[in-house]
Amino acid sequence: MSGDAILEEFRSAGALLEGHFILSSGLRSPMFLQKMRIFEDPVRTERVCSALGALIRESFGAVDMVISPAIGGIIPGYETARALGCKAVFVEREDGEFQLRRGFEIPQGARVVMVEDIVTTGLSSRECIATIRKHPGTLLGAACIVDRSNGKADVGVPLVSLTKLDVPAYPADQLPPELAAIPAVKPGSRVPA
Ligand SMILES: O=P(O)(O)OC[C@H]1O[C@H](OP(=O)(O)OP(=O)(O)O)[C@H](O)[C@@H]1O
Ligand SMILES: O=C(O)c1cc(=O)[nH]c(=O)[nH]1
Ligand SMILES: [Mg+2]
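Nothing here was measured: the structure is a model prediction, and the numbers come from that model.

**Q** Please clarify how the site of ligand 2 should be interpreted in this entry.
**A** Taken together, L23, S24, F32, L33, K35, I118, T120 and R148 make up the full set of residues near ligand 2. Interatomic distance of 2.7 Å between a side-chain N/O atom of R148 and an oxygen atom of ligand 2. Here ligand 2, which alone exposes 290 Å², has 92% of that area covered by the protein. According to the grid-proximity analysis, the pocket containing ligand 2 is the largest pocket. Its residues assigned to classes, the shell around ligand 2 comprises four nonpolar, two polar and two charged.

**Q** Please clarify how the UniProt feature "binding site: 5-phospho-alpha-D-ribose 1-diphosphate" (unreviewed entry) in the protein should be interpreted in this entry.
**A** In the numbering used here, UniProt assigns the "binding site: 5-phospho-alpha-D-ribose 1-diphosphate" (unreviewed entry) feature to E116, D117, I118, V119, T120, T121, G122, L123 and S124. Lining the largest pocket, from the residues just named, are E116, D117, I118, V119, T120, T121, G122, L123 and S124. Within the secondary structure, D117 sits in strand β6 (residues 111-119). Leave out the neighbours within four places in its chain, and D117 touches K35, F39, G72, G73, P76, C144, I145 and V146.

The rules we used
- Residues numbered from 1 in each chain as written.
- Chains lettered and ligands numbered in written order.
- Predicted model: local features only at pLDDT ≥ 70, side-chain atom pairs only at ≥ 80, totals over all residues.
- Heavy atoms only, no water.
- Near = heavy atom within 4 Å.
- Polar contact = N/O pair within 3.5 Å; in protein donor to acceptor, adjacent residues only side chain to side chain.
- Areas by Shrake-Rupley, 256 points an atom, 1.4 Å probe, with all protein chains shown as cover.
- 1 Å grid on protein atoms, 1.4 Å probe; cavity = no way out; pocket = protein on both sides within 12 Å on 5 of 7 lines; lining within 4 Å.
- Sits in = over half its atoms within 2 Å of the grid points.
- Nonpolar A, V, L, I, M, F, W, Y, C, P; charged D, E, K, R; others polar.
- UniProt positions renumbered as here; feature names shortened; annotations may be inferred.
- Helix = DSSP H or I, 4+ residues; strand = E, 2+ residues; numbered from the N terminus.
- Contact = heavy atoms within 4.5 Å.

What follows is the structure in C-alpha coordinates.
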(Lines give C-alpha, C1' and ligand atoms only; values in the text may rest on other atoms or scores of the structure.)
(Ligands and ions follow the chains in the order given, each with its own letter.)
Protein backbone atom coordinates (compact mmCIF):
# COMPACT_ATOMS: atom_id res chain seq x y z
CA MET A 1 0.00 0.00 0.00
CA SER A 2 1.54 3.34 -1.02
CA GLY A 3 1.93 6.31 1.32
CA ASP A 4 -0.69 8.14 -0.75
CA ALA A 5 -3.11 5.24 -0.34
CA ILE A 6 -2.61 5.33 3.44
CA LEU A 7 -3.38 9.06 3.52
CA GLU A 8 -6.42 8.45 1.37
CA GLU A 9 -7.64 5.92 3.99
CA PHE A 10 -7.43 8.68 6.62
CA ARG A 11 -9.09 11.22 4.31
CA SER A 12 -11.98 8.97 3.31
CA ALA A 13 -12.53 7.82 6.91
CA GLY A 14 -12.90 11.45 8.02
CA ALA A 15 -9.75 10.99 10.11
CA LEU A 16 -7.72 13.83 8.62
CA LEU A 17 -8.71 16.84 10.71
CA GLU A 18 -7.82 20.49 10.25
CA GLY A 19 -7.95 23.10 13.01
CA HIS A 20 -5.83 23.81 16.10
CA PHE A 21 -4.82 20.71 18.04
CA ILE A 22 -2.88 20.15 21.24
CA LEU A 23 -0.84 17.02 20.64
CA SER A 24 0.18 14.57 23.38
CA SER A 25 3.62 16.16 23.45
CA GLY A 26 2.02 19.53 24.19
CA LEU A 27 3.01 20.79 20.72
CA ARG A 28 0.35 22.53 18.64
CA SER A 29 -0.55 21.53 15.10
CA PRO A 30 -3.01 22.60 12.39
CA MET A 31 -3.53 18.93 11.47
CA PHE A 32 -4.60 15.87 13.46
CA LEU A 33 -4.94 12.24 12.42
CA GLN A 34 -7.90 10.87 14.36
CA LYS A 35 -6.84 7.25 14.00
CA MET A 36 -9.94 5.97 15.80
CA ARG A 37 -11.98 6.91 12.72
CA ILE A 38 -9.84 4.35 10.87
CA PHE A 39 -10.12 1.76 13.65
CA GLU A 40 -13.92 2.07 13.89
CA ASP A 41 -14.05 0.22 10.56
CA PRO A 42 -12.71 -3.35 10.83
CA VAL A 43 -12.39 -3.75 7.05
CA ARG A 44 -10.36 -0.55 6.69
CA THR A 45 -8.29 -1.48 9.74
CA GLU A 46 -7.53 -4.90 8.28
CA ARG A 47 -6.43 -3.31 5.00
CA VAL A 48 -4.06 -0.87 6.73
CA CYS A 49 -2.69 -3.33 9.27
CA SER A 50 -2.08 -6.14 6.79
CA ALA A 51 0.14 -3.62 4.94
CA LEU A 52 1.89 -2.83 8.22
CA GLY A 53 2.34 -6.56 8.90
CA ALA A 54 3.89 -7.05 5.45
CA LEU A 55 6.28 -4.13 6.05
CA ILE A 56 7.26 -5.57 9.44
CA ARG A 57 7.92 -9.04 7.99
CA GLU A 58 10.00 -7.54 5.19
CA SER A 59 11.95 -5.30 7.62
CA PHE A 60 12.43 -7.54 10.65
CA GLY A 61 11.68 -11.14 9.57
CA ALA A 62 9.68 -13.53 11.75
CA VAL A 63 7.89 -11.99 14.75
CA ASP A 64 6.47 -13.78 17.81
CA MET A 65 4.82 -10.85 19.51
CA VAL A 66 3.59 -7.33 18.84
CA ILE A 67 3.57 -4.92 21.79
CA SER A 68 1.70 -1.61 21.62
CA PRO A 69 1.08 1.40 23.85
CA ALA A 70 -2.54 1.88 24.98
CA ILE A 71 -4.94 3.27 23.99
CA GLY A 72 -4.23 4.15 20.39
CA GLY A 73 -1.89 1.22 19.77
CA ILE A 74 -4.21 -1.55 20.98
CA ILE A 75 -6.36 -2.03 17.88
CA PRO A 76 -3.58 -1.67 15.25
CA GLY A 77 -1.32 -3.88 17.38
CA TYR A 78 -3.96 -6.61 17.49
CA GLU A 79 -4.81 -6.39 13.80
CA THR A 80 -1.16 -6.29 12.75
CA ALA A 81 -0.50 -9.34 14.92
CA ARG A 82 -3.33 -11.14 13.17
CA ALA A 83 -1.67 -10.38 9.81
CA LEU A 84 1.66 -11.63 11.18
CA GLY A 85 0.15 -14.72 12.84
CA CYS A 86 1.58 -13.78 16.23
CA LYS A 87 0.43 -12.57 19.66
CA ALA A 88 -0.57 -9.01 20.53
CA VAL A 89 -0.19 -7.51 23.99
CA PHE A 90 -0.22 -3.92 25.17
CA VAL A 91 1.30 -1.70 27.82
CA GLU A 92 -0.93 0.75 29.67
CA ARG A 93 -0.30 3.61 32.07
CA GLU A 94 -0.26 2.95 35.81
CA ASP A 95 0.60 6.02 37.89
CA GLY A 96 1.57 7.65 34.59
CA GLU A 97 4.06 4.95 33.50
CA PHE A 98 3.55 2.23 30.90
CA GLN A 99 3.36 -1.22 32.50
CA LEU A 100 2.70 -4.73 31.20
CA ARG A 101 -0.39 -5.72 33.21
CA ARG A 102 -3.24 -8.26 33.03
CA GLY A 103 -0.86 -11.22 33.28
CA PHE A 104 0.78 -10.45 29.91
CA GLU A 105 4.25 -11.99 29.62
CA ILE A 106 7.07 -11.74 27.08
CA PRO A 107 8.68 -15.19 26.86
CA GLN A 108 12.47 -15.52 26.91
CA GLY A 109 13.76 -15.34 23.34
CA ALA A 110 10.50 -13.98 21.89
CA ARG A 111 11.04 -11.85 18.77
CA VAL A 112 9.17 -8.62 19.54
CA VAL A 113 8.15 -5.59 17.47
CA MET A 114 6.62 -2.47 18.98
CA VAL A 115 3.61 -1.24 16.97
CA GLU A 116 2.37 2.32 17.37
CA ASP A 117 -0.41 4.13 15.51
CA ILE A 118 1.11 7.59 15.02
CA VAL A 119 4.62 8.83 15.85
CA THR A 120 5.06 12.58 16.37
CA THR A 121 7.94 13.21 18.79
CA GLY A 122 8.40 9.48 19.47
CA LEU A 123 7.91 9.94 23.22
CA SER A 124 5.11 7.39 23.54
CA SER A 125 7.16 4.87 21.51
CA ARG A 126 10.28 5.44 23.63
CA GLU A 127 8.29 4.99 26.83
CA CYS A 128 6.74 1.78 25.49
CA ILE A 129 10.16 0.49 24.42
CA ALA A 130 11.67 1.31 27.85
CA THR A 131 8.97 -0.87 29.43
CA ILE A 132 9.51 -3.69 26.93
CA ARG A 133 13.23 -3.65 27.77
CA LYS A 134 12.46 -4.44 31.43
CA HIS A 135 11.22 -7.86 30.28
CA PRO A 136 12.83 -10.80 28.47
CA GLY A 137 12.55 -11.05 24.69
CA THR A 138 14.42 -9.59 21.74
CA LEU A 139 13.16 -6.22 20.51
CA LEU A 140 13.70 -6.21 16.74
CA GLY A 141 12.36 -2.74 15.98
CA ALA A 142 9.32 -0.48 15.86
CA ALA A 143 6.60 0.17 13.29
CA CYS A 144 3.84 2.74 12.93
CA ILE A 145 1.12 3.64 10.48
CA VAL A 146 2.08 7.31 10.14
CA ASP A 147 5.39 8.92 11.10
CA ARG A 148 4.57 12.61 11.52
CA SER A 149 8.22 13.34 12.30
CA ASN A 150 9.11 12.60 8.68
CA GLY A 151 11.76 10.12 9.84
CA LYS A 152 13.31 12.45 12.43
CA ALA A 153 12.01 10.77 15.62
CA ASP A 154 14.63 8.59 17.28
CA VAL A 155 12.99 5.77 19.22
CA GLY A 156 16.27 3.94 19.88
CA VAL A 157 15.51 1.03 17.52
CA PRO A 158 14.86 0.97 13.75
CA LEU A 159 11.44 2.52 13.03
CA VAL A 160 9.47 1.71 9.88
CA SER A 161 6.23 3.39 8.82
CA LEU A 162 3.58 3.06 6.12
CA THR A 163 3.94 6.75 5.38
CA LYS A 164 5.91 9.77 6.59
CA LEU A 165 4.54 13.29 6.89
CA ASP A 166 6.20 16.63 7.33
CA VAL A 167 3.56 18.52 9.33
CA PRO A 168 4.30 21.65 11.34
CA ALA A 169 4.11 21.42 15.14
CA TYR A 170 4.76 24.48 17.31
CA PRO A 171 5.48 25.13 20.98
CA ALA A 172 2.42 26.80 22.56
CA ASP A 173 4.25 30.13 22.91
CA GLN A 174 5.39 30.20 19.26
CA LEU A 175 2.09 29.90 17.40
CA PRO A 176 1.70 31.46 13.96
CA PRO A 177 -1.16 34.04 14.03
CA GLU A 178 -3.53 31.91 11.92
CA LEU A 179 -3.28 29.06 14.48
CA ALA A 180 -3.49 31.37 17.51
CA ALA A 181 -6.80 32.66 16.09
CA ILE A 182 -8.48 29.21 16.40
CA PRO A 183 -9.50 27.71 19.79
CA ALA A 184 -7.33 24.68 20.61
CA VAL A 185 -8.70 21.17 21.20
CA LYS A 186 -6.87 18.16 22.70
CA PRO A 187 -8.08 14.88 21.22
CA GLY A 188 -5.55 12.42 22.78
CA SER A 189 -5.44 10.76 26.22
CA ARG A 190 -1.94 11.63 27.51
CA VAL A 191 -1.66 14.61 29.84
CA PRO A 192 1.20 16.80 28.54
CA ALA A 193 4.12 17.09 31.00
O1 LIG B 1 5.15 10.50 19.31
P2 LIG B 1 4.38 11.21 20.38
O3 LIG B 1 4.75 12.65 20.54
O4 LIG B 1 4.42 10.46 21.70
O5 LIG B 1 2.86 11.27 19.91
C6 LIG B 1 2.18 10.16 19.37
C7 LIG B 1 1.37 9.45 20.41
O8 LIG B 1 0.24 10.27 20.74
C9 LIG B 1 -0.95 9.51 20.62
O10 LIG B 1 -1.23 8.85 21.83
P11 LIG B 1 -1.89 9.61 23.05
O12 LIG B 1 -0.85 9.75 24.10
O13 LIG B 1 -2.56 10.85 22.58
O14 LIG B 1 -2.96 8.66 23.60
P15 LIG B 1 -3.86 7.52 22.92
O16 LIG B 1 -2.91 6.48 22.44
O17 LIG B 1 -4.64 7.05 24.09
O18 LIG B 1 -4.68 8.15 21.84
C19 LIG B 1 -0.63 8.46 19.58
O20 LIG B 1 -1.46 7.32 19.79
C21 LIG B 1 0.80 8.14 19.90
O22 LIG B 1 0.89 7.17 20.92
O1 LIG C 1 1.02 13.75 18.41
C2 LIG C 1 -0.09 13.33 18.74
O3 LIG C 1 -0.47 13.31 19.91
C4 LIG C 1 -1.01 12.80 17.70
C5 LIG C 1 -1.01 13.28 16.44
C6 LIG C 1 -1.95 12.77 15.53
O7 LIG C 1 -2.02 13.18 14.36
N8 LIG C 1 -2.81 11.80 15.92
C9 LIG C 1 -2.77 11.34 17.16
O10 LIG C 1 -3.59 10.47 17.50
N11 LIG C 1 -1.88 11.82 18.05
MG1 LIG D 1 -0.94 6.61 21.81
